[in-house]
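Here is what each chain is made of, one letter per residue.
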Amino acid sequence: QMSNSSSITHFLLLPFAHTRQLQLLTFALFLAIYLAALVGNGLIITTIACNHHLHTPIYFFLLNLALLDLGSISTTLPKAMANAVWNTRDISYAGCAAQVLFVFFLIGAELFLLTIMSYDRYVAICKPLHYGTLLGSRACVHMAAAAWATGFLCALLHTANTFSLPLCQGNALHQFFCEIPQILKLACSHSYLREVGLLVAGLLIAFGCFVLIVLSYAEILRAVLRIPSEQGRHKAFSTCLPHLAVVSLFVGTGIFAHLKPLSMSSPSLNLVVSVLYSVMPPAVNPLIYSLRNQELEGAL
């Protein structure tokens, strides 16, 4: 047990396995997932950047999404893989603070970006004549920059606040990467309430984004149902399906990870669930966006 945070030089992360064979197996599995995410997101970034036909708002936002996904998976997985190979659980104090900052920043920015992308689909289907004016290149750059900047500022606030708390419950985290709720569990009594208040405020902002996405899709659905031809309806809705799938994966895994009933709480299940919400979206998103997307496939 450590007396306070000033004497903590490192944290202990939750290991995925306790036997050497299983550790090496999880390393191989993570390496495969990580390489898939690197290749998938890397291909999307290069294809969109190098192809002038794809310099449109939806692909510009998709490029940003791929960058965020690359960042978020690179923040958590390499450290977990290194720990599995070297048979250790350690992460330095500074390394832990960096993980908290980047995970919060990239996941927050991704939520804002997905909200902007739902607005893009709303304008494309409900106000097609105004698409060029509402989503000009300057407006798109401003929106994307706002998503990145807001995510970063929120992350900075939360990280500074969390790591200023006195910690007196040891240094073992029940998670395979550094995460604010896990660090709050190590805080001395009552000192963590301010950060809990900030997290609740953050959750309300996230809920606001979710409501905006739902409202955008309610309007899109109304507009699509008014299209007379079945082919037209199908074409209009198919442009929204990838985004809808990505949002469902992102929000669904996040909600399940943090709001699942306590009766379902076991250390091994918690680990699996945390992998689902932190590792699966970045690895699967490129696949969702490139499936049945002729423009992207052609450019690739």
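In the annotation of an unreviewed UniProt entry, the chain is listed under the name Olfactory receptor and assigned to Baryphthengus martii. UniProt, in its Sequence similarities (unreviewed entry) section for the chain, records the words "Belongs to the G-protein coupled receptor 1 family." Regarding the chain, the relevant UniProt record gives this comment under Subcellular location (unreviewed entry): "Cell membrane".

Visitor: An account of the pattern of salt bridges is requested, with residue identities and associated values reported.
Guide: Counted according to the given criterion, the structure contains two salt bridges. Note that E219 is salt-bridged to R222, the shortest N-O span being 3.2 Å. Here E219 and its partner R222 are both found in helix 7 (residues 193-225), three residues apart, which amounts to about one turn of the helix.

Visitor: Just give me the short version of the side chain of N64, but keep the residues and values in it.
Guide: If you trace the backbone, N64 turns up in helix 2 (residues 57-86). Engagement of the side chain of N64 in a polar contact is seen with the side chain of W148, the distance being 2.8 Å. Ignoring any residue separated from it by four or fewer positions in sequence, one finds N64 in contact with L113, A144 and W148.

Visitor: With reference to specific residues and values, describe the state of the cysteines.
Guide: Throughout the structure, instances matching the rule amount to two disulfides. Here C168 connects covalently by a disulfide to C188, the sulfurs 2.1 Å from one another. Of this pair, C168 sits in the loop between helix 5 (137-162) and helix 6 (180-184) while C188 sits in the loop between helix 6 and helix 7, and the two are 20 residues apart along the sequence. Ordinal numbering of bonded cysteines along the chain defines a disulfide pattern of 1-3, 2-4.

Visitor: Any chance you could break down the side chain of S118 for me, citing the residues and the numbers?
Guide: Tracing the backbone shows S118 in helix 3 (residues 93-126). Ignoring anything within four residues of it in the chain, the contact list for S118 reads I213, S216, Y217, I220 and H243.

Visitor: Give me the UniProt feature "transmembrane region" (unreviewed entry) in the chain: which residues, what numbers.
Guide: Those places that UniProt annotates as "transmembrane region" (unreviewed entry) correspond, in this numbering, to residues 22-46, 58-77, 97-119, 140-160, 196-218, 239-259 and 271-291. Measuring from the first to the last C-alpha atom of residues 58-77 gives 28 Å, for a span that is 100% helix and 0% strand.

Visitor: Residues and numbers for the nonpolar core, please.
Guide: Within the largest apolar cluster, 48 residues are counted, with the highest numbers of intra-cluster contacts made by I48, F61, L62, L65 and M117. Elements with a minimum of two residues in this core: helix 1 (20-50), helix 2, helix 3, helix 5, helix 7, helix 9 (241-259) and helix 10 (267-290). Considering each element in turn, this core owes the most residues, 13 residues, to helix 3. Once you skip the residues sitting within four places of it in the chain, M117 turns out to touch I58, F61, L62, L65, H243 and Y289. Counting residues in hydrophobic clusters, the runner-up holds 19 residues, among them L14, L77, A80 and F176.

Quick notes on the rules
Residues numbered from 1 in each chain as written. Predicted model: local features only at pLDDT ≥ 70, side-chain atom pairs only at ≥ 80, totals over all residues. Heavy atoms only, no water. UniProt positions renumbered as here; feature names shortened; annotations may be inferred. Salt bridge = Lys/Arg side-chain N within 4 Å of Asp/Glu carboxyl O. Helix = DSSP H or I, 4+ residues; strand = E, 2+ residues; numbered from the N terminus. Polar contact = N/O pair within 3.5 Å; in protein donor to acceptor, adjacent residues only side chain to side chain. Contact = heavy atoms within 4.5 Å. Disulfide = S-S within 2.5 Å. Core = buried A, V, L, I, M, F, W, Y, C linked by side-chain atoms within 4.5 Å. Buried < 20%, exposed > 50% of the residue type's maximum accessible area, 1.4 Å probe, protein only.

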